[in-house]
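Residues per chain, in single letters:
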Amino acid sequence: MSQINDFAFKIGTVNGTGSSSANSLIMQAIFRMGIPVSGKNVFPSNIQGLPTWYEIRVSGAGHTARTPIFDLIVAMNRATIEKDIAEVRSGGWILYDNSWPLEDELLRADVGFLGVPFGRLGVENFKAVRERVLMKNISYAGAIAALLDMDTEVIQQMIREKFSRKPALIDSNYLAIKLGYDYAQEHFDCPLPIRLETLDKTGDQILIDGNTAAALGCVYAGATVGAWYPITPSTSLMDAFTAFCGRYRTDPETGDKRYAIVQAEDELAAAGVVIGAGWAGARAFTPTSGPGISLMSEFIGLAYYAEIPSVFFNVQRTGPSTGMPTRTQQGDIMLSAYASHGDTKHIVLFPADPRECFEMAVKAFDLAERYQTPVFVVSDLDIGMNDWMCRRFEWDDDYRPDRGKVLTAEELESIDRYFRYVDVDGDGIAARTLPGVHPKGAYFARGSGHNRLGGYTEDSDEYLEVVNRLRAKVDGAADRVAAPVVETREGATMGLITLGGCDAAAREAVELLAARGIVLDYLRVRGFPFHSAVATFLAEHEQCFVLEQNRDGQLRSLLILEAAADPETVHSIRYYGGFPMSAAHVIDGVMTQRFKQGLEPVGPEGSLVEEGA
Amino acid sequence: MSQINDFAFKIGTVNGTGSSSANSLIMQAIFRMGIPVSGKNVFPSNIQGLPTWYEIRVSGAGHTARTPIFDLIVAMNRATIEKDIAEVRSGGWILYDNSWPLEDELLRADVGFLGVPFGRLGVENFKAVRERVLMKNISYAGAIAALLDMDTEVIQQMIREKFSRKPALIDSNYLAIKLGYDYAQEHFDCPLPIRLETLDKTGDQILIDGNTAAALGCVYAGATVGAWYPITPSTSLMDAFTAFCGRYRTDPETGDKRYAIVQAEDELAAAGVVIGAGWAGARAFTPTSGPGISLMSEFIGLAYYAEIPSVFFNVQRTGPSTGMPTRTQQGDIMLSAYASHGDTKHIVLFPADPRECFEMAVKAFDLAERYQTPVFVVSDLDIGMNDWMCRRFEWDDDYRPDRGKVLTAEELESIDRYFRYVDVDGDGIAARTLPGVHPKGAYFARGSGHNRLGGYTEDSDEYLEVVNRLRAKVDGAADRVAAPVVETREGATMGLITLGGCDAAAREAVELLAARGIVLDYLRVRGFPFHSAVATFLAEHEQCFVLEQNRDGQLRSLLILEAAADPETVHSIRYYGGFPMSAAHVIDGVMTQRFKQGLEPVGPEGSLVEEGA
Amino acid sequence: MSPTVKPKVLHPDIETNAVGLTRRDYEGAMSTLCAGCGHDSVTAALVQSFFELNIEPHRAMKLSGIGCSGKTPTYLMQDAHGFNGVHGRMPALATGANAARSDLVCIGVSGDGDSLSIGLGQFCHAIRRNVNMLYVLENNGVYGLTKGQFSASADVGSKSKRGDVNTQEPIDPILLALSLGATFVGRSFSGDKAHLLPLIKAAVSHNGFAFLDVISPCVTFNNHEGSTKSYLYTRERYMDVAPVDFVPMKDEITADVEEGALTIVPMHDGSLVRFKQVGPDWDPTDAAAAWTRYRELSRDGAVVTGLLYLSESGDDYHGRNGTVDTPLVEVPFEELCPGSEALSNLMDRYR
Amino acid sequence: MSPTVKPKVLHPDIETNAVGLTRRDYEGAMSTLCAGCGHDSVTAALVQSFFELNIEPHRAMKLSGIGCSGKTPTYLMQDAHGFNGVHGRMPALATGANAARSDLVCIGVSGDGDSLSIGLGQFCHAIRRNVNMLYVLENNGVYGLTKGQFSASADVGSKSKRGDVNTQEPIDPILLALSLGATFVGRSFSGDKAHLLPLIKAAVSHNGFAFLDVISPCVTFNNHEGSTKSYLYTRERYMDVAPVDFVPMKDEITADVEEGALTIVPMHDGSLVRFKQVGPDWDPTDAAAAWTRYRELSRDGAVVTGLLYLSESGDDYHGRNGTVDTPLVEVPFEELCPGSEALSNLMDRYR
Ligand SMILES: Cc1ncc(C[n+]2csc(CCOP(=O)(O)OP(=O)(O)O)c2C)c(N)n1
Ligand SMILES: Cc1ncc(C[n+]2csc(CCOP(=O)(O)OP(=O)(O)O)c2C)c(N)n1
Ligand code: SF4
Ligand code: SF4
Ligand SMILES: [Mg+2]
Ligand SMILES: [Mg+2]
């Protein structure tokens, strides 16, 4: 089988050795050749010295989901070479550093071993120790370029761009690339059957990670207050916001900042800063991950009950507890919907890729202000920290923030008396006011019992009036949060439902399954409370598979509780081992479930899907 | 209709004026007359000067649920007299202080007004201002005694007991009682048609609140470490634990304490202390309420994942957020089941009354140690803070704590090597060890990814092995947590399902409905994960009504997700205004739901049930 | 049970301030605290101060945590936006509110449980950030609202109403604030309104975090013999080491500043703080000396009060951050959103 | 990826201590920290100290929060129970563990983010409770594990690797601890093992909360020029004001205590702490003096180290609580459960 523009490889190195620049160089070069590509960084929760991998998938057909099958493994890390060799597919290749010989017992007959003396080349060509390490990593990029038939001009151009401010480094990088490239050309039959061929499929695309995209969304939405406490994998969101604000929000004359970023002492405080700022009228947000949401729970309930606009980005990682901070998961779905004690229900957005991170970040502020409530944008480590290929972002200059119902000084002047929680319009949303605007606008926000007038209460009826309205308000948002993406296929009676970063794998699987004669309609949930189209889809399909990345089938649960899914006909497909979803997992899950439902005579072998007990 | 031993009255006073002793005096006197009685304290979230009510229901038939219909209202608080007068049932009575005349517009023709010059009597008979206020409140107890035909000897006996250490106060209390009693006898036609008659139905009963009972359970279970941060309505649990430990856990010779109570700086710390102590081998617990559980969420996830026995009492109050701290609700059901980010699932016990608080407190420690996981005992303000009539507690001196699988020094000595998370028995439970016991026992507890050996891991398979076992472990507890209470009736095809403090109202309603020809089987959930009998009950009934005190039908949701309840056939009945459930609410809810299901031609009028939108 | 609003009694000759408001306009709902609670005296002092400072109520934000103390904002300036947040977390809310609205007067009221137990971390970090606000800690040594447990400010040896004796070292917010580099540290007593007024005014004028620790006895749970936070105990041991006068901006020129011996500190907004009598032992501009002497006197049993430390030279949060002068809430959207062209250019960098 | 266990090299003449263990027995898994990380030197000092103190590893409990610092317990005493809790909450876990097992040596390791940001409240309250434990704060001025953000201990003017300058006042744990009544306050430097060893030993012997603030440079994110927590900066400004010798219990009688000029403090367990050279400026038994001098010297740019303050006379948590001597975990159930008769009697009171 020819594998032009259709293969995957991964590179095993040691973290803290500069391999990440080599890896993104490779990925970007492929991208610039017009070939769809995706990369997954598999890194440890540690700063230096532990194994790290970078997985690159090349797919002329445009599939960007992770694949767990590798055609080539670049095994630069002696500590993991055994595992790496074991993992490459039969018929694949191992590229390794043969400065020292490989133990015989590691060899596999069904795999091609491509040894390049990276270490020796480094020692021979570079002086400083640190430089040798760094250049060794750049050299493997050169070797890969030769093996895969990469466009060397593209690489050189990238090196020039990257080091435009440090020209001294351009030469050494050129050299390192050349060393690897020439050695490979000389010693191996280049290119390999897995190889690249220039396409024109990335013209309107960019390579960007979801956290950067979300940060950009915050800037474009006009968010002025950001509060945070660092936590992987959300940290880069605030790093990006800081950088963008530095560029776009600094007064060119005075150098003054049109934003305030508070690095809070913890997540509780970060939530409090956001809610205080939201109450005072700023668009405010905090990025965090699961442990942070747990810590913010009390404050989230306050924002819900006192009706304060606030935006929470939850870049999910593998839980529970500290879990695996550098692995991905979708384990906070239920929590996002119902966080905090008592009866609560929140608006949630589930972006599937960086482009949606950008768009939904903007949307989140509009929803938060429109519905005067906390809004969660729930992505995950894979979306947030990996570079994804997606369409260039666009901006409509006519966009103006939807501040929702906020009374102006003029409006306040003209009314007799203002009461905070009176539902004038019957949509569950009462008009709010901001401090500093008008004496008549004053009200007292509180998390304790209050009545429609905004007064403290311990009276049943007064209490009930408010909490019942809250429920109506949030439920009423359903069709305005985010409509699902639906794709139907001729003849499908069953559906596949998923959310967030499972999208690419799901679509790929739906295609592959269709080829096998298993035709599925597809729905991707993008918001909560669920859009009415979700219940419709469920009602219109005899059986649905619900695909997600957590142990307990949280999306499925939520669909049952909130979209009238029939528990008998929604079947769970879950993979939650910390890696992004792959089409193989989906297909495997569908086949397993079909077998269970009596639709297939035999189940798939060696199932990849984790079965919760 | 004769209302001997079957009526309800309530007393409106100002808090901080000593009315609570008068009220409990009245309640206790009725109890000592052998008549079933229940009392609900309706108090403000404030220390002094605001309205407070005490509701007493007398039921020869033994119904102890709250009733919202009052035959007599003692309106001692001028600030609420209008409301109080409006609330008494037609044909009922108002007992009030007529030292000052009542405005004409307050009078109701359908109600008997019984004026007693409590203020004047106080002024005439007592000197100190504070004494006058206190004695005024005791006097109304005297008037009530006359009106209801209370046994005065019982009252005098109680006063003697109460002030045995302050004999000076006995006389003034006697006098105050006598003043009210005589005045009523003289001026009114005593007793009223609503009156008491000695019975013998409370012989094996006690009057106790659930927090005291739970504290006693902690003492009997051998809990040695208690950590807490004060929060209504859980505070009295630790107060009681402290008092019991003072009595039962103090070394008679040295005065040394066989317990450690840590008043922590907040709920996060309280949870940490409990988990630290549990890890070190102590039975440890913390009492709190909803906001505390929100704050503890992160730590709860740690205890779940690192498998540390720990017991959390959640005495629920009305949420969300600070909510109404002195009102009751069952709003933390879902939270208890799934608290913390990531995939988690917890063991929960739902006591229905103080006796179960006692028993389940003991059980909670056994379960926590057996399953090495956090266990929640979820009661509410009504159960926790009100005095309930219930059977005397018993203790089996053969009880020994179930410490679960804990390896002794001898066992450790005899094995080759110990690994913390290996599931030797196949029940999902790995043996644990305690510090200080044996060098071979050492292991590293962590909330980050770990494998079965107890080592840190970022490996998918190793991670999955542990979290899948955790799920099996907790699910495996289902039949050992607490079997539901089931009561069947001839001919019932439908069921009523509830939990916790709704029990009394539910039972009463089931009786009353049966009299109307609506026959229901009854199931009260007592634990989570649900016992298999719950799913069986659901499967065996065409329709079930799920009764609970929260807006969103959380128990119903949980039954759908975790006990295979069919959403189509489980109908929600909810009342969540902050008062305890009453039979009227249940009947009303059942009738409304039956009407909706087309089973009744007309729905009930003026529905008491809150309809979530 | 909506808050009882005090009837406005209109009096022909009722006094109005420079912004045309009466004292009554600075009041709020009727207090529901216990009769005699120290917190109500603090409220009265705040009302009076804001009236005299001519603050427009709608140009102020009042925030609090949970506790009897947390109710204080309800009882003042009904025309100011108020926020009664969750227990111990007012500092974060105030930080956010101030980040958004640097132009409004930010008033936080807290309790000793609220600030020194559950909220200790937030309290310390708000000091560290020098958030521009008045922060009043109504300190009664107990958790009033939950019925009288010792708080972290209870002194060793102090007796509870039930008779228990506290054995734990107190957390002294004054020592803490001075250790954390607080720029305005005052201490007063709810029972001494004349003392409180200039402190509150100076605190409002301060550019940064102005901390006032106010001993505010809990008559219900901590006013008995054996308590070290009772009215009696405080009165008996009261020692005012650094009392101040406050000279508002407009009076400045006419202010009588002749008594040269006194320290006079010009405040950020142009008003003056004049230390009435600063003994040779007390230098209100020396944090270390204040820490040492305060601790020494306190250990000797004194209840030390006054404007113990003041530094007007530093930057508040916004100064350090370099935020624009326009409150962020009022920066026009056009100045916040880079627009489509910028986005298009930016996109080129992600290729 | 289970922890790499160091191969035990058996050496015939390998040194054993009084409990028959070798130094290797006090080690743990191989460190995964960056080469040169200060935390690893702290680990080495802890290993050495516990070895020399003859602690039986299984009679110790080691706890930590999250961060690079939080990994330290993994690298020492593999035969001790360990608990790597959640971020900033180790003090509570340790309080609970110590409440249950007062007889075991309790060792907590934390970072400056862990203790001074998210965990500040818990840290302060553990001091207040005087929990009997060794508390090591590996202080590097940054959040190492999340890649180098300033922590609350970053000094004003300190430069981040990216070039940002910190503008916020640091929270100095020494000033804080002294303000909170800490009973053992030491400061050291990971680069000076000889200095650390006696401090660690004295801390373990202390009856109460023994706090050690150890400057422990982060080579990856905070060891550049402009950092005030780098090796170079610390070495250049190192000022040891109160170095100590530790004389273990068994050596006590033979200890050379002739040099009368030195302060000698007998510890709770019978060992001695001997201050090697305490200048006229430093009285390690005077907290106020320590606070003042420490602050002064630090402001002058010194990195002040030593056993800055020690008070051995107080009670720890259990002493104040009056807990039985038997660790609570070992009190027999019969002494905990009042039994059926007591219950029956009690029930009579609820009628
Ligand atoms: C998270 C949380 N925990 C506990 C409580 C209960 N609570 C309310 S106020 C309070 C203490 C108040 O003490 P303090 O701050 O000193 O105020 P005071 O009442 O003495 O004025 C507590 C513990 C709460 N409301 N929220
Ligand atoms: C609740 C929570 N918030 C944030 C994090 C992310 N986090 C891990 S370690 C750390 C800071 C560590 O800094 P420090 O305590 O100084 O330790 P160091 O790494 O510098 O040794 C942070 C913010 C987390 N693990 N948990
Ligand atoms: S309980 Fe104490 S603090 Fe609370 S209102 Fe009463 S006197 Fe004030
Ligand atoms: S990042 Fe810094 S603190 Fe963390 S291991 Fe590396 S050097 Fe040490
Ligand atoms: Mg207080
Ligand atoms: Mg650090």
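Preceding this paragraph is the structure being described.
Residues numbered from 1 in each chain as written. Chains lettered and ligands numbered in written order. Predicted model: local features only at pLDDT ≥ 70, side-chain atom pairs only at ≥ 80, totals over all residues. Heavy atoms only, no water.

### Brief notes about the overall build of chain C
Here comes step 1: Scanning chain C for helices and strands turns up 10 helices and 13 strands.
Here comes step 2: Against the compact-globule benchmark of 20 Å for 351 residues, chain C has a radius of gyration of 21 Å, which places it among compact chains.
Here comes step 3: Counting only C-alpha atoms, chain C reaches 75 × 50 × 50 Å along its principal axes.
Here comes step 4: In chain C, which comprises 351 residues, the proportion classed as buried is 65%.
Here comes step 5: Put simply, 72% of the contacts in chain C that link residues at least 6 apart link residues at least 24 apart.
Here comes step 6: Accessible surface, chain C as shown: approximately 12,000 Å² in total, 50% of it carbon and sulfur.
Here comes step 7: Separation between the mean location of the 30 positive side-chain charges and that of the 42 negative ones in chain C comes to 8 Å. (Helix = DSSP H or I, 4+ residues; strand = E, 2+ residues; numbered from the N terminus. Rg over C-alpha atoms; globule rule 2.2 N^0.38 Å. Buried < 20%, exposed > 50% of the residue type's maximum accessible area, 1.4 Å probe, protein only. Contact = heavy atoms within 4.5 Å. Areas by Shrake-Rupley, 256 points an atom, 1.4 Å probe, with all protein chains shown as cover. Lys, Arg positive; Asp, Glu negative; His and termini not counted. Charge placed at Lys NZ, Arg CZ, Asp CG, Glu CD.)

### Here we look at the interface of chain C and chain B
Here comes step 1: Listed as interface residues are 24 residues of chain C and, on the opposing side, 20 residues of chain B.
Here comes step 2: Between chain C and chain B, roughly 1,600 Å² of surface is buried when both sides are summed, and carbon and sulfur atoms account for 57% of that area.
Here comes step 3: Linking chain C to chain B there are zero salt bridges.
Here comes step 4: Where chain C packs against chain B, one counts six residue pairs in polar contact (both at pLDDT 80 or more). (Buried area = accessible area lost by both parts, 1.4 Å probe. Salt bridge = Lys/Arg side-chain N within 4 Å of Asp/Glu carboxyl O. Polar contact = N/O pair within 3.5 Å; in protein donor to acceptor, adjacent residues only side chain to side chain.)

### Observations regarding the site of ligand 4
Here comes step 1: Every residue close to ligand 4 is listed here: A:Ile47, D:Leu33, D:Cys34, D:Cys37, D:His39, D:Cys68, D:Asn140, D:Cys218, D:Val219, D:Thr220 and D:Phe221.
Here comes step 2: Counted by class, the shell around ligand 4 contains eight nonpolar, three polar and no charged residues. (Near = heavy atom within 4 Å. Nonpolar A, V, L, I, M, F, W, Y, C, P; charged D, E, K, R; others polar.)

### Remarks on the interface of chain B and chain A
By a widespread convention, an interface's size corresponds to the accessible area lost as its parts come together.
Here comes step 1: If you look at the interface, chain B gives 70 residues, while chain A gives 70 residues.
Here comes step 2: The junction of chain B with chain A conceals about 5,400 Å² of combined surface from both sides, 54% of it contributed by carbon and sulfur atoms.
Here comes step 3: When the buried surface of chain B facing chain A is broken down by residue, B:His341, B:Asp343 and B:Arg551 rank first, second and third, together holding 15% of it.
Here comes step 4: For the pair chain B and chain A, the interface holds four salt bridges.
Here comes step 5: A salt bridge links B:Glu458 to A:Arg327; the nearest nitrogen and oxygen atoms lie 3.8 Å apart.
Here comes step 6: For the interface between chain B and chain A, the tally reads 44 residue pairs in polar contact (both at pLDDT 80 or more).
Here comes step 7: Among the secondary structure elements, those contributing two or more residues to the side of chain B that touches chain A are α10 (290–306), α11 (333–338), α15 (460–476) and α19 (554–562) of chain B.
Here comes step 8: With 10 residues, α10(B) is the largest single contributor of residues to the side of chain B that touches chain A.
Here comes step 9: Broken down by class, the residue content of the side of chain B that touches chain A amounts to 26 nonpolar, 29 polar and 15 charged.

### Considering the site of ligand 3
Here comes step 1: Looking at ligand 3, the residues that line it are B:Ile47, C:Leu33, C:Cys34, C:Cys37, C:His39, C:Cys68, C:Asn140, C:Cys218, C:Val219, C:Thr220 and C:Phe221.
Here comes step 2: Nearby residues place ligand 3 at the junction of chains B and C.
Here comes step 3: The residue inventory of the shell around ligand 3, partitioned by class, reads eight nonpolar, three polar and no charged.

### Things to note about unusual backbone geometry
Here comes step 1: Residues A:Phe528 and A:Pro529 are joined by a peptide bond in cis, for which omega reads -5°.
Here comes step 2: Inspection of the secondary structure assignment puts A:Pro529 in the loop between β21 (527–528) and α18 (532–540).
Here comes step 3: A cis amide bond, omega -5°, links B:Gly319 with the succeeding residue B:Pro320.
Here comes step 4: Turning to its location among the elements, B:Pro320 is positioned in the loop between β13 (310–316) and α11.
Here comes step 5: Despite not being glycine, B:Ser321 has its phi angle at roughly 50°, a positive value.
Here comes step 6: For B:Ser321, the location among the structural elements is in the loop between β13 and α11.
Here comes step 7: With a relative accessible area of 2%, B:Ser321 lands in the buried category.

### Side note on the coordination of the magnesium ion (ligand 6)
Residue and element names in this part refer to chain D.
Here comes step 1: Here the magnesium ion (ligand 6) is held by the protein donor atoms Asp112 (OD), Asn140 (OD1) and Val142 (O), which lie 2.0 to 2.1 Å from it.
Here comes step 2: Donor residues for the magnesium ion (ligand 6) sit on one chain with the sequence pattern D-x27-N-x1-V. Taken as a pair, Asp112 in helix α3 (residues 112–116) and Asn140 in the loop between β4 (133–139) and β5 (142–143) lie far apart in primary sequence, 28 residues in all. (Donors = N, O, S within 2.8 Å, 3.2 Å for Na, K, Ca; no water.)

### Observations regarding the relation of the copies chain B and chain A
Here comes step 1: Mapping chain B onto chain A leaves a residual RMSD of 0.0 Å; the transformation is a rotation of 180° accompanied by 0.0 Å of translation along its axis. Within this description, the copies of the chain are treated as partners about a two-fold rotation axis. Identified as the residue of chain B closest to the rotation axis by C-alpha distance is B:Leu295, at 3.0 Å.
Here comes step 2: Looking at chain B, 100% of its interface residues are interface residues in chain A too, so the copies touch through the same face. (Least-squares fit on C-alpha atoms with pLDDT ≥ 70 in both.)

### Concerning the coordination of the magnesium ion (ligand 5)
Residues and elements named next belong to chain C.
Here comes step 1: Coordination of the magnesium ion (ligand 5) by the protein involves Asp112 (OD), Asn140 (OD1) and Val142 (O), with metal-donor separations of 2.0 to 2.2 Å.
Here comes step 2: Taken in chain order, the donor set of the magnesium ion (ligand 5) reads D-x27-N-x1-V. The residues Asn140 and Val142 share a single accessibility class, namely buried.

### Observations regarding the packing of helix α2 (residues 90–100) of chain D against helix α4 (residues 120–129) of chain D
Residues and elements named next belong to chain D.
Here comes step 1: Where α2 meets α4, the closest approach of the two axes is 8 Å, and the angle between their N-to-C directions is 30°. In this view, α2 runs roughly parallel relative to α4, as classed from their interaxial angle. Counted together, Met90, Pro91, Ala92 and Thr95 of α2 and Gln122, Phe123, Ala126 and Arg129 of α4 form the full contact between these two elements.
Here comes step 2: Split by residue class, the contact of α2 with α4 holds five nonpolar, two polar and one charged. (Axes fitted to C-alpha atoms, helices over the stretch in contact; angles between N-to-C directions. Parallel < 35°, antiparallel > 145°, perpendicular 65-115°, else oblique.)

### Thoughts on helix α8 (residues 287–299) of chain C
Here comes step 1: Compared with an ideal rise of 1.5 Å per residue, which puts 13 residues at 18 Å, α8(C) spans 18 Å between its outermost C-alpha atoms and is within 8% of the ideal.
Here comes step 2: Every buried residue belonging to α8(C) is among C:Ala287, C:Ala288, C:Ala290, C:Trp291, C:Tyr294, C:Arg295 and C:Leu297, and all of these are buried.
Here comes step 3: Looking at the packing, one finds that the buried side of α8(C) touches α5 (173–179), β7 (184–189), β9 (238–242) and β13 (303–310) of chain C together with α5 (173–179) and α8 (287–299) of chain D.
Here comes step 4: Capping the start of α8(C), C:Asp286 holds a side-chain oxygen 3.0 Å from the backbone nitrogen of C:Ala288, two or three residues further along. (Expected span 1.5 Å × (residues − 1).)

### Overview of the packing of aromatic side chains
Here comes step 1: Scanning the model with the defined rule gives 56 aromatic pairs over all chains in all.
Here comes step 2: Seen from their ring centres, A:Trp279 and C:Phe83 are 5.3 Å apart, and the 50° between their planes marks the pair as tilted. Taken together, the residues A:Trp279 in helix α9 (residues 267–280) and C:Phe83 in strand β2 (residues 81–84) connect one chain to another. The pair A:Trp279 / C:Phe83 is uniform in exposure class, with both members buried.
Here comes step 3: Here a set of aromatic residues connected by ring pairs shows up, and it is made of A:Tyr220, A:Phe358, A:Phe393, A:Trp395, A:Tyr399 and C:Phe333.
Here comes step 4: The ring of A:Trp388 has A:Lys40 sitting right over it, with the charged end atom 4.2 Å from the ring centre. (Phe/Tyr/Trp six-rings, centres within 6.5 Å; stacked < 30°, edge-to-face > 60°. Lys NZ or Arg CZ within 6 Å of the ring centre and 35° of its normal.)

### Observations regarding the sheet that holds strand β3 (residues 37–42) of chain B
Residue and element names in this part refer to chain B.
Here comes step 1: Pairing in this open sheet of six strands is mixed, and the strands run β3-β4-β2-β5-β6-β7 from one edge to the other. A single partner strand is all that each edge strand has here, and the edge strands are β3 and β7 (112–116). Taking each pair of neighbouring strands and ignoring which way they run, the sheet shows an average axis angle of 15°.
Here comes step 2: Here strand β2 (residues 6–14) pairs with strand β5 (residues 72–75) via four bridges, running parallel. Paired with Phe9 across the two strands is Leu72, which belongs to β5.
Here comes step 3: Contacting β6 (93–97) and β7, helix α3 (residues 118–125) runs over the sheet at an angle of about 35° to β6. (Pairing = 2+ DSSP bridges.)

### A few points about the packing of helix α4 (residues 129–148) of chain A against helix α6 (residues 167–187) of chain A
All names here are of chain A.
Here comes step 1: Closest axis-to-axis distance for the α4/α6 pair is 6 Å, and the angle between their directions is 45°. Judged on the interaxial angle alone, α6 and α4 are oblique. The interaxial crossing formed by α4 with α6 has right-handed handedness. Across the interface between the two elements, Glu131, Met135, Ile138, Ser139, Ala141, Gly142, Ala143, Ala145 and Ala146 of α4 pack against Ser172, Asn173, Ala176, Ile177, Gly180, Tyr181, Ala184 and Gln185 of α6.
Here comes step 2: Its residues placed into classes, the contact of α4 with α6 shows 10 nonpolar, six polar and one charged. (Left-handed = near helix turned anticlockwise from the far one by under 90°.)

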